[in-house]
Amino acid sequence: MRTLASQLATYLYRRRPGNVQSRNFASYNGKDELSIEEEAERKIGWLLKLFFAGTATFIGYQFFPYMGDNLLQQSVSLLKVKDPLYKRMGASRLARFAIDDERRMKIVEIGGAQELINMLEAAKDDRTRKEALKALAALSHSVEAAGALHHAGAISVIKSTPDSFDDAELQKYKSSLLNRFRDLTYDIPS
């Protein structure tokens, strides 16, 4: 084996008498090697991107079924917890979910509107009141949901909400809700 290796080494590294320059490869060119490396990186990069996209798609299909009605149910359940942080998280989720009339009515049907009113009534700090009013304002964009809020007694609870001098957004949501009910010609007692 050693003799074979030594013969191969002498064959590869021998000098030809007419050529003073030693060459390991007949067509070695630095630019060729660089272009080969760039091509390999490009192909590997696309392969990695495809692998990532496939993995993300697979994971998405595994988790998205849990984000529909279950997410709504969980958000309404968070409104029933005593901790105001969880209540704010649930109200924030409902406000983000209420983007069209169908979803707003779904929130009303599963009891989210009544829980938001209860949350607003029992809230002891401005941040919790603000999230409840924000979610109620998001729901009130639908005429049917606004009617359900009216029948649940939202107007009296909103009017009884204490004013906040520190948080202008709370006042904005409160006044927009009362204006919305006034525009829909619901009775707003003074």
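What counts as what
- Residues numbered from 1 in each chain as written.
- Predicted model: local features only at pLDDT ≥ 70, side-chain atom pairs only at ≥ 80, totals over all residues.
- Heavy atoms only, no water.
- Helix = DSSP H or I, 4+ residues; strand = E, 2+ residues; numbered from the N terminus.
- Buried < 20%, exposed > 50% of the residue type's maximum accessible area, 1.4 Å probe, protein only.
- Contact = heavy atoms within 4.5 Å.
- Areas by Shrake-Rupley, 256 points an atom, 1.4 Å probe, with all protein chains shown as cover.
- Patch = residues over 30% accessible without salt bridge, like charges linked within 9 Å, V, L, I, M, F, W, Y side chains within 5 Å.
- Salt bridge = Lys/Arg side-chain N within 4 Å of Asp/Glu carboxyl O.
- Lys, Arg positive; Asp, Glu negative; His and termini not counted.
- Charge placed at Lys NZ, Arg CZ, Asp CG, Glu CD.
- Axes fitted to C-alpha atoms, helices over the stretch in contact; angles between N-to-C directions.
- Left-handed = near helix turned anticlockwise from the far one by under 90°.
- Nonpolar A, V, L, I, M, F, W, Y, C, P; charged D, E, K, R; others polar.
- Phe/Tyr/Trp six-rings, centres within 6.5 Å; stacked < 30°, edge-to-face > 60°.
- Lys NZ or Arg CZ within 6 Å of the ring centre and 35° of its normal.

Under an unreviewed UniProt entry, the name given to the chain is ARM repeat superfamily protein, and the source organism is Melia azedarach.

Trainee: Even after reading the chapter, I still don't get the overall build of the chain, so can you show me in this structure?
Mentor: Looking only at helices and strands, the chain has 10 helices and zero strands in total. Sorting the 190 residues of the chain into buried and exposed places 30% on the buried side. Taking the intrachain contacts of the chain between residues at least 6 apart in sequence as the baseline, contacts between residues at least 24 apart amount to 62%. If you sum the accessible surface of the chain, you get close to 13,600 Å²; carbon and sulfur atoms cover 56% of it.

Trainee: Honestly, a negative patch on the surface in this entry has me stumped. Any pointers?
Mentor: A contiguous patch of negative charge, built from Glu33, Glu37, Glu38 and Glu41, is present on the exposed surface. Structurally, Glu38 is set in helix H2 (residues 30-63).

Trainee: It is not clear to me how the side chain of Glu131 should be interpreted in this structure. Could you clarify?
Mentor: Relative to the helices and strands, Glu131 resides in helix H7 (residues 126-139). Within the buried set, Glu131 has no salt-bridge partner at all; the shortest N-O distance to an opposite charge, 4.6 Å, is to Lys134.

Trainee: So what exactly am I meant to see when it comes to the packing of H7 against helix H10 (residues 168-183) here?
Mentor: What describes two packed helices is the angle between their axes and the distance between those same axes. Between H7 and H10, whose axes approach to 9 Å, the crossing angle comes to 35°. Once H7 is placed against H10, the crossing between them reads as left-handed. Residues Asp126, Arg129, Lys130, Leu133, Lys134, Leu136 and Ala137 of H7 touch H10, and the partners they reach there are Glu169, Leu170, Tyr173, Lys174, Ser176 and Leu177. Grouping the amino acids of the contact of H7 with H10 by side-chain chemistry returns six nonpolar, one polar and six charged.

Trainee: What am I meant to see in the packing of aromatic side chains here?
Mentor: The description of two aromatic rings rests on the distance between their centres and on the angle between their planes. Overall, the coordinates contain zero aromatic pairs when judged by the stated rule. Above the plane of the ring of Trp46 lies Lys49, whose end atom (NZ or CZ) is 4.8 Å from the centre. Note that Lys172 overlies the ring of Tyr173, its terminal NZ or CZ placed 5.0 Å from the centroid.

Trainee: Looking at this structure, how should I read the pattern of salt bridges?
Mentor: Side-chain pairing between opposite charges can occur once the charged atoms of the two side chains come close. Taken as a whole and judged by the stated rule, the model has six salt bridges. Note that Arg88 is salt-bridged to Asp125, the shortest N-O span being 3.3 Å. Of this pair, Arg88 sits in helix H4 (residues 84-97) while Asp125 is found in the loop between helix H6 (112-122) and H7, placing the two residues 37 residues apart along the sequence. Taking the relative accessible area as the measure of exposure, Arg88 reaches 14% and is therefore buried. Note on Asp125: relative accessible area 24%, which makes it partly exposed. Among the ionic pairs, Lys130 bridges to Asp167, the shortest N-O distance being 4.0 Å.

Trainee: Where do I start with a nonpolar patch on the surface in this structure?
Mentor: Taken together, Val81, Leu85, Tyr86 and Met89 make up a surface patch of nonpolar side chains, about 310 Å² in accessible area. Along the polypeptide, Tyr86 turns up in helix H4. Taking relative accessible area as the criterion, Tyr86 reaches 37% and is therefore assigned partly exposed.

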